[in-house]
Amino acid sequence: MYQAEEFTLLPCPECSRYQVKVKENPQFLHMGDVVDGVDMRAEVGVLTRNILIKGETEKSCYAGNHCQYFSYDTFGGQIKILKNFTSVHLSHVELRQMGQQLMGSYPVHFHRCGDVDEKGGYSFKTYLEGLSIHHCFSRCVTVHATNGLLIKDTIGYDTLGHCFFTEDGIEQRNILLHNLGLVTKPGTLLPTDRNSTMCVAIKDKVYGNYVPVPATDCMAVSTFWIAHPNNHLINNAAAGSQDAGIWYLFHKISTGDSHGLYPETKAELTPLGVFYNNRVHSNFKAGLFIDKGVKTTNASAEDPREYLCLDNNARFRPHQDADPEKPRVAALIDRLIAFKNNDHGAWVRGGDIIIRNSGFADNGIGLTFASDGSFPKDEGSSQKVSESLFVGESRNYGFHGGQNKYSGTGGIDNKNRTLPRNRTFPIRGFQIYDGPIHLTKCTFKNFVPTADRYTSAIGFLMKNPWQITPKNNISLVKFDTNVSLKVFFGKPGPWFEDSELDGDKNSVFHDVDGSVTEYKDTYVARLDNFLIRHPKCINVTSWNGVVCSGTYAQMYIQTRNPQNLIMTIVRDEYPSSPMALRGINQRAAFQQYQPVIMLQKGYTIHWNGQAPQTTFLYLINFNRNDWIRVGLCYPSGTTFQVTFDVFQRQTSAYYSVVDYTSVTSMVELQKNRSEKNFYFDNSTGLLFLFLQAKYNRDGHSYCSSQGCERVKIQATVQSKEISNCMTKAYPKYYQAPTVLQPMPTRTTVQCKNCGTTQMAFTNDPHNSYLLVQIQSLSKVELQSSLPSFISVNGSKFLFKDVGVFILVVDACVGTVTEKIFFLQANIASMEEYFKTRIPQRSIVLLSTRGDIRNLNISEALMSLGTAKPAYLQNKGSLAFLGFRGNFKPSWAKLFTSPAGQGLGQIEKFIPLQMEEYGCTTVNSSRRKDLELLKQVSRAH
């Protein structure tokens with residue numbers, strides 16, 4: 001974020017309408033291209049305005065002004081707007097040195113104004129338009145208990161604390177349209193504004209001697225801080241914050257001045273407003289973050305943390321009218337562009353949430369879904385990402401400086417590049433956490449591991465103590481040829497530690513159509529997981545994974561008295577490969593474990609201490625009649641009360657209670673799996689019973705349509721000995737491994753409908769793009785087997801003779817209108833072709849084969865205003881992107897190499913349908929689309 005630079009504009013009569021002249025020399029590289037399909041063009045904003053409102057400041061910091069954190073005076077001016085005004089319209093005003101490190105003093109502050117749109121009686125909407133807020137000392141625009149405000153075309157640059165800030169968690173219907181925020185730095189006001197140093201040092205509002213924890217209490221400063229989901233973000237750019245670009249959080253109750261004055265916010269349940277075409281980059285924690293809330297109680301002995309510190313107390317689960325009894329309303333994140341974020345492109349928790357038409361590149365982790373649809377959380381919810389692009393390490397290599405600390409070699413061409421965390425951090429495109437998640441019609445590019453780090457297209461949350469559902473599924477995905485590690489489950493070592501937590505061991509997803517594994521309807525799990533295996537499974541050692549067929553579900557096992565047991569679960573077919581689970585609730589009165597299991601198999605469960613007196617076994621993701629057999633280890637002489645019931649989590653009520661009956665043999669137990677019987681084998685210490693689902697599930701629910709089917713075991717234990725029965729259980733209950741569902745035949749035909757249909761993900765969704773790839777070969781390279789070609793949107797046009805190959809493309813519709821090849825002997829006729837045969841509004845693509853130093857093509861290129869004759873002397877290979885028309889686009893370029901050398905493969909995304917080309921019909925519809933978008937946003 002500290003590579004943002006300021007420049008002074010100079011008069012430039014010689015400049016075209018697409019050029020500016022500046023006084024200073026740039027210190028950093030600023031990207032001006034769509035790279036590998038993701039729009040990474042630098043944002044440009046004008047800071048000066050004709051009207052300047054400037055705070056008066058001293059030349060240096062002085063006492064009482066937080067000089068331990070800031071070397072400059074942070075006491076600036078402020079504009080505060082109070083309710084019951086006649087009208088407020090601020091337009092094209094520059095605000096500099098505004099705001100103070102005091103609560104309530106901001107550059108622009110709408111203070112408890114209520115409804116400022118039509119709902120509040122304002123026929124002409126209250127708005128801020130075209131403001132430049134820069135070098136300010138406390139936020140940019142604060143929206144406090146104010147609804148319906150329009151903030152448009154506004155820049156917030158080099159400011160302290162949350163920049164575009166909604167305060168009390170009740171602000172709704174506000175529209176943030178086409179704003180730019182960058183260099184959002186920490187401030188002191190709220191715990192969420194503070195960096196780690198401020199967090200630990202500022203303790204005047206905590207209770208007692210409590211020392212704040214930076215990672216969990218603070219370190220959340222964000223360019224857009226959205227405390228209620230019913231606000232609208234359209235065409236904004238969050239281009240560099242110390243923590244997050246856009247952060248949605250959810251207040252349980254109204255806070256601050258609004259506390260007690262408004263009904264419950266229901267923020268977690270409220271549908272998301274419009275989120276369309278926003279970009280987030282150069283942020284440390286995340287580009288987009290949807291998760292968490294703030295602490296809504298004052299510091300006390302029970303909870304000594306400061307009021308409004310970050311809190312892990314909220315989960316986004318939108319429903320119609322914010323009513324959990326009404327249908328879900330999926331939150332739609334449409335067209336998110338996230339790149340160069342150190343940790344996450346996007347971290348999204350909750351359900352139901354859909355991300356589509358989005359691009360992720362050069363992030364530590366592209367996208368993580370932390371779903372709330374996993375037991376025991378928000379039943380029936382899910383998350384989905386579709387029509388999106390994930391790029392591991394792009395051709396935007398970055399640039400050192402501006403506090404960039406991490407670099408190393410890597411990527412598809414092994415060049416030196418800036419890195420998201422450090423040279424060993426395991427980069428992942430899409431990260432699976434718990435689920436259920438659905439990844440479909442997405443494309444992955446440039447995931448190439450190095451000797452220093454694992455770089456995988458699909459990965460899993462590292463050091464995961466939680467569970468993962470087998471209902472996670474992936475379909476219709478495409479991996480480009482430069483993806484050499486599709487999936488990685490992690491291995492013990494740096495970043496992964498011992499990789500032995502419960503979620504690590506149970507990582508799994510369903511490959512619905514074989515587009516990941518080439519085996520349709522299979523499940524991919526960790527290599528050492530023998531709970532899900534059979535003899536025909538296929539090991540993929542580079543993934544540390546295994547591909548298996550079968551049907552899978554989960555057991556949720558809850559135990560009480562004693563606590564903190566390690567549970568070992570063994571499948572009867574693989575007794576030498578047990579799975580030990582630590583549980584996830586070490587400090588609670590009960591412990592919980594959730595292994596993924598193959599159905600229609602037998603398992604035994606053992607403990608590292610005294611057997612629990614109370615055990616609940618929940619059937620999770622079982623369909624009707626699905627079953628497993630379970631044997632639980634207890635000391636000889638234990639007596640049992642075993643019951644079945646159906647538990648309604650919403651009401652904490654249970655019904656259909658049935659007592660299990662004790663039988664005297666395994667044969668009798670196995671006569672009818674649906675009977676409620678149990679058998680205690682005193683010789684081995686195993687209590688056996690069948691878990692069989694009685695009811696169907698609906699949709700993405702993990703429990704049945706009637707509720708959660710479960711078995712409760714109340715044991716009266718006579719001995720405190722360690723309850724591990726494995727040596728007695730096996731070989732007595734050993735079963736030879738069998739295959740219940742054969743492995744499918746390997747798919748060898750490439751999927752034609754896999755991957756996203758979009759070629760480029762840009763800030764202008766109404767422009768389509770032409771992906772052009774050119775490979776020109778020099779004379780020396782002709783000895784290799786490399787082909788010469790021009791590719792247009794994936795369609796390759798090869799040529800094999802020495803000479804010049806040309807493609808002509810209609811710039812308005814993107815179709816190839818002509819292809820022509822000039823042999824070395826016919827080069828003279830090329831000039832005439834260029835002058836007379838290429839129609840207006842045409843994109844011209846040219847590639848050569850063999851050295852061009854003897855080919856007189858300079859005159860031909862000059863006819864398109866491109867090259868001087870002397871420039872092409874003693875060159876090896878040549879490639880050309882040009883345009884025939886009354887416009888010279890920025891993408892037009894001539895590429896050459898020295899004699900005897902080739903150019904390698906050139907890739908370029910060329911915009912189509914531009915008004916400058918003369919594509920008036922297309923752009924007329926574009927203008928209508930943009931106006932419709934604004935109308936839709938206002939209607940919300």
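Note that the structure is predicted; figures quoted are calculated from it, not measured.

Participant: Can you break down the sheet that holds strand E60 (residues 788-792) residue by residue, with the values?
Facilitator: The strand order E61-E60-E59-E67 describes an open sheet built from 4 strands, whose pairing is antiparallel. Single-partner strands in this sheet number two, and they are strand E61 (795-799) and strand E67 (904-911). Averaged over all neighbouring strand pairs, the angle between strand axes comes to 15°, with direction disregarded.

Participant: Quick rundown of the pairing of strand E9 (residues 108-115)? Include the residues and the values.
Facilitator: Both strand E6 (residues 80-82) and E9 contribute to a ladder of 3 bridges, which runs parallel. Across the sheet, residue Lys80 finds its bridge partner in E9, namely His109. In the sheet, E9 pairs with strand E12 (residues 141-147) via 6 bridges, with the strands oriented parallel. Within E12, the position partnered with Asp115 by the bridge is Asn147.

Participant: An account of a nonpolar patch on the surface is requested, with residue identities and associated values reported.
Facilitator: On the surface, Phe7, Leu9, Val20 and Val22 cluster together to form a nonpolar patch covering roughly 360 Å² of accessible area. You can call Val20 exposed: its relative accessible area is 64%.

Participant: I'd like to hear about the packing of aromatic side chains, residue by residue, with values.
Facilitator: For any two aromatic rings, the description comes down to two numbers: the centre-to-centre distance and the angle of the planes. Applying the stated criterion to the full structure yields 47 aromatic pairs. Taken together, the aromatic side chains of Phe360, Phe369, Phe390, Phe430, Phe444, Phe447 and Phe479 make up a single cluster linked through ring pairs. Note that Arg710 overlies the ring of Phe647, its terminal NZ or CZ placed 4.4 Å from the centroid. When the ring centre of Phe789 is taken as reference, the NZ or CZ atom of Lys796 above it lies at 4.4 Å.

Participant: So what's going on with the environment of Thr745? Which residues, and what values?
Facilitator: Along the polypeptide, Thr745 turns up in the loop between helix H5 (726-729) and strand E59 (769-776). The exposed category is assigned to Thr745, whose relative accessible area is 71%. For the pair Thr745 and Tyr519, spaced 226 residues apart in sequence, the C-alpha separation works out to 6.6 Å. Once you skip the residues sitting within four places of it in the chain, Thr745 turns out to touch Glu518 and Tyr519.

Participant: For the sheet that holds strand E38 (residues 455-460), give the residues involved together with the corresponding values.
Facilitator: Strand order across the open sheet formed by 11 strands is E6-E9-E12-E15-E18-E21-E23-E27-E30-E35-E38, with parallel pairing between neighbours. The strands lining the two open edges of the sheet, one partner per strand, are E6 and E38. Taken over all neighbouring pairs, the strand axes of this sheet differ in orientation by 15° on average, direction set aside. By the bridge criterion, 4 bridges tie strand E18 (residues 222-226) to strand E21 (residues 244-248) in an arrangement that is parallel. For Phe224, the partnering residue across the bridge sits in E21 and is Ile246.

Participant: Just give me the short version of unusual backbone geometry, but keep the residues and values in it.
Facilitator: A cis amide bond links Gly351 to the next residue, Asp352, at an omega of -10°. By the element assignment, Asp352 lies in the loop between strand E27 (344-349) and strand E28 (353-356). Across the junction of Phe375 and Pro376, the peptide omega takes the value 5°, indicating a cis bond. Residue position: Pro376 is located in the loop between strand E30 (365-370) and strand E31 (383-386). Even without glycine at this site, Ser282 takes up a positive phi of about 65°. For Ser282, a relative accessible area of 22% corresponds to the partly exposed category. Even without being a glycine, Glu387 presents a positive backbone phi close to 50°. Assignment of secondary structure puts Glu387 in the loop between E31 and strand E32 (389-391).

About the cut-offs
- Residues numbered from 1 in each chain as written.
- Predicted model: local features only at pLDDT ≥ 70, side-chain atom pairs only at ≥ 80, totals over all residues.
- Heavy atoms only, no water.
- Pairing = 2+ DSSP bridges.
- Helix = DSSP H or I, 4+ residues; strand = E, 2+ residues; numbered from the N terminus.
- Axes fitted to C-alpha atoms, helices over the stretch in contact; angles between N-to-C directions.
- Patch = residues over 30% accessible without salt bridge, like charges linked within 9 Å, V, L, I, M, F, W, Y side chains within 5 Å.
- Areas by Shrake-Rupley, 256 points an atom, 1.4 Å probe, with all protein chains shown as cover.
- Salt bridge = Lys/Arg side-chain N within 4 Å of Asp/Glu carboxyl O.
- Buried < 20%, exposed > 50% of the residue type's maximum accessible area, 1.4 Å probe, protein only.
- Phe/Tyr/Trp six-rings, centres within 6.5 Å; stacked < 30°, edge-to-face > 60°.
- Lys NZ or Arg CZ within 6 Å of the ring centre and 35° of its normal.
- Contact = heavy atoms within 4.5 Å.

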